[in-house]
Amino acid sequence: MALKGRDLVTIDDLTNGEIEAIFKLADSMADSMPGQYGLCRGKVMASLFFEPSTRTRLSFETAMHRLGGRVISVSDPKSTSLAKGESIADMARIVAGYADIIVIRHPWEGAARLVADYADVPVINAGDGGHQHPTQTLCDLYTLIKERGSIHGLKIALWGDLKYGRTTHSLIFALAKFGATIVFCPSRGLEVPENILHKLVTEYGGELERFGGREKKVKSGALQVDAVYMTPGKPHQLAMMPGIDFEVELKAGVDALYVTRPQKERFTGEEQPDNEFPVVDKKMMRGKQFSKTLVMHPLPRVDELAYDLDADPRAMYFKQASRGVPVRMALLALTLGVKEFPVIEEPSPVRTDYLMYERDYGVKCNNPRCVTAQESEKKYLKPGFKIVNREPLTLRCVYCEHGTEPKFIASTEWHEGRVEHKKYHRANSHLVKKIRPENLIAFDSEKEAEEHGYKPGYYAKAKEK
Ligand code: CP
């Protein structure tokens, strides 16, 4: 298996075949824990946690100890030289000189990608702000497969904070890849971000049915459904038929209810006043539609999941957490190359062939939580985007994956060094299609274009498309 030396930054970094191989190895490791000791003898894992963690840090560290490896650890954000203003890139290069693998949790979105770019050892994302948490997703998928045999065709409801819940962001893409139907049940004001829905539809195929946002959710028992996503039955073949009555569909119940806590540490002022956070408890789960529903939660919980469900056989959250050890043991062993496992691969419908946009001036990622927006990183970090759409021109940050639609465009080809030909135009003019991606220059504002010596062209003001 070719996981040796690879990074795991987003769940897209693993194919379905690789995820299944990790689970098979995790099964065999769980069956003979003492037999795994010594596999990672002589290896060192750096466990860098710049945000609080119980499960992810301790299960990674347990996994490495059970494999006979050593751990160096940061669990206090103030205890490293990042607190003195050191850049993440410098830290990554230094730690890669000490350890064979890096596991990192950081509050900035895209921080794990940045570490992976600069460290010459494998890097595993243990949660980067509200972006992704791919190894939690592995624990979630492993639990679904253990309990239900397969993920294909399952109906999974995501409940709670779908805006900042990074575990749901990774899980959404994984469920789509494995052919599950996703039922979005966000708390008010905590709907799934547009960039995630855009990526889901454009890269994973399938179809998203939206019910009109906050005020027009479809109600089915306790589920207040904001949107439903169905993956294609086969690549390029849409599964969703027009006119399906979702209320009827949902009355048949869901296979799992994936509950998340309000990520209050990431709230800006605007979420809190409008927020209602319903509680999942024994009374709610008495509903007929939930009779076979697994209750999942990445934990920690606060008030959104009642303790009265803990003894219920449908409660999966402690199993999800404990399964983190064999899953992370398998991942570490494969990534460090001390173990190999055969991968059975099937064609994937996921689109990955985007062209890149990289310039050290012009448009920047507009997500203030992105690692590229931070003072310590701006000094050296060149923004990078995938060109995910031409009309409207849409760029997706390679670090945090937020989308941006630049307002103005120019081409390196037009001016050929002559200042009088350095013209910019509106990005929604017809010219956007004429510029070759490698020549594209995108600006957020006229001021920015003019600061770089560009003058308004004929289509700088015009509204035409
Ligand atoms: N599920 C999870 O990430 O838990 P911790 O924050 O405790 O690591």
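It should be emphasised that the depicted structure is a prediction, and the values quoted were computed from it without experimental measurement.

What counts and how
- Residues numbered from 1 in each chain as written.
- Predicted model: local features only at pLDDT ≥ 70, side-chain atom pairs only at ≥ 80, totals over all residues.
- Heavy atoms only, no water.
- Salt bridge = Lys/Arg side-chain N within 4 Å of Asp/Glu carboxyl O.
- Helix = DSSP H or I, 4+ residues; strand = E, 2+ residues; numbered from the N terminus.
- Buried < 20%, exposed > 50% of the residue type's maximum accessible area, 1.4 Å probe, protein only.
- Near = heavy atom within 4 Å.
- Polar contact = N/O pair within 3.5 Å; in protein donor to acceptor, adjacent residues only side chain to side chain.
- Areas by Shrake-Rupley, 256 points an atom, 1.4 Å probe, with all protein chains shown as cover.
- Nonpolar A, V, L, I, M, F, W, Y, C, P; charged D, E, K, R; others polar.
- Phe/Tyr/Trp six-rings, centres within 6.5 Å; stacked < 30°, edge-to-face > 60°.
- Core = buried A, V, L, I, M, F, W, Y, C linked by side-chain atoms within 4.5 Å.
- Domains from an automatic or database assignment.
- Contact = heavy atoms within 4.5 Å.
- Buried area = accessible area lost by both parts, 1.4 Å probe.

Enquirer: Got a sec to walk through the pattern of salt bridges? Specific residues and values, please.
Expert: Throughout the structure, instances matching the rule amount to 22 salt bridges. Measuring nitrogen to oxygen at the nearest pair gives 3.4 Å for the salt bridge that ties glutamate 61 to arginine 57. With glutamate 61 and arginine 57 both in helix 2 (residues 55–66) and 4 residues apart, the pair spans about one turn of that helix. With a relative accessible area of 11%, glutamate 61 lands in the buried category. Residue classification places arginine 57 among the buried residues on the basis of a relative accessible area of 18%. For glutamate 451, the salt bridge identified is with lysine 447, shortest N-O distance 3.3 Å. Here the residue glutamate 451 and the residue lysine 447 both occupy positions in helix 15 (residues 446–451), the gap between them amounting to 4 residues, near one helical turn.

Enquirer: Can you tell me about the site of the ligand, naming the residues and giving the values?
Expert: Around the ligand, the neighbouring residues are Ser53, Thr54, Arg55, Thr56, Arg105, His133, Gln136, Pro298 and Leu299. At 2.9 Å from an oxygen atom of the ligand is found a side-chain nitrogen or oxygen belonging to histidine 133. Between a nitrogen atom of the ligand and a main-chain N or O atom of proline 298, the distance comes to 2.8 Å. Protein contact buries 92% of the 260 Å² of open area that the ligand shows by itself. Partitioned by chemical class, the residues of the shell around the ligand number 2 nonpolar, 5 polar and 2 charged.

Enquirer: Outline the environment of valine 295, supporting the account with residue identities and numerical values.
Expert: If you trace the backbone, valine 295 turns up in strand 12 (residues 294–296). Here the alpha-carbon distance between valine 295 and leucine 309, two residues 14 residues apart in the chain, equals 8.7 Å.

Enquirer: So, the packing of aromatic side chains: which residues are in play, and what are the values?
Expert: This model, assessed by the stated rule, comprises 10 aromatic pairs. Judged by centre distance (5.6 Å) and plane angle (90°), the rings of phenylalanine 408 and tyrosine 424 are edge-to-face. Here tyrosine 424 lies in strand 18 (residues 423–426) and phenylalanine 408 lies in strand 17 (residues 408–411), a separation of 16 residues in the sequence. You can call phenylalanine 408 buried: its relative accessible area is 5%. Relative accessible area serves as the criterion here: at 0%, tyrosine 424 is assigned to the buried category. Linked through ring pairs, Tyr361, Phe443 and Tyr454 together constitute an aromatic cluster.

Enquirer: Describe the environment of aspartate 120, naming the residues involved and giving the relevant values.
Expert: Following the sequence through the fold, aspartate 120 ends up in the loop between helix 4 (111–118) and strand 4 (123–128). Placed 42 residues apart in sequence, aspartate 120 and lysine 78 show a C-alpha to C-alpha distance of 25 Å.

Enquirer: Could you give an account of the nonpolar core, with specific residues and numbers?
Expert: Ranked by size, the top nonpolar core spans 66 residues in total, and within it Leu138 and Phe184 carry the most contacts. Here the element with the most residues in this core is helix 12 (residues 324–335); it accounts for 8 residues. Residue-level mapping places this core at the junction of two domains, with at least three residues from each of domain 1 (11–133 + 322–335) and domain 2 (135–319). Beyond its immediate stretch of four places on either side in the chain, leucine 138 contacts Leu8, Ile11, Leu14, Ile19, Ile22, Phe23, Val327 and Leu331.

Enquirer: Before we move on, could you go through the domain arrangement of the chain and cite the residues and values that matter?
Expert: Along its sequence, the chain is organised into domain 1 (11–133 + 322–335), domain 2 (135–319) and domain 3 (355–456). Placing a centre on the C-alpha atoms of domain 1 and another on those of domain 3 gives a separation of 34 Å. Contacts between domain 1 and domain 3 engage 16 residues on the former and 14 residues on the latter. Interface of domain 1 and domain 3: buried area, both sides summed, is about 1100 Å²; carbon and sulfur atoms make up 54% of it. Of all residues in domain 1, Trp108, Glu109 and Leu114 bury the most surface against domain 3, accounting for 48% of the area lost on that side. Our count for the domain 1 to domain 3 interface comes out at 0 salt bridges.

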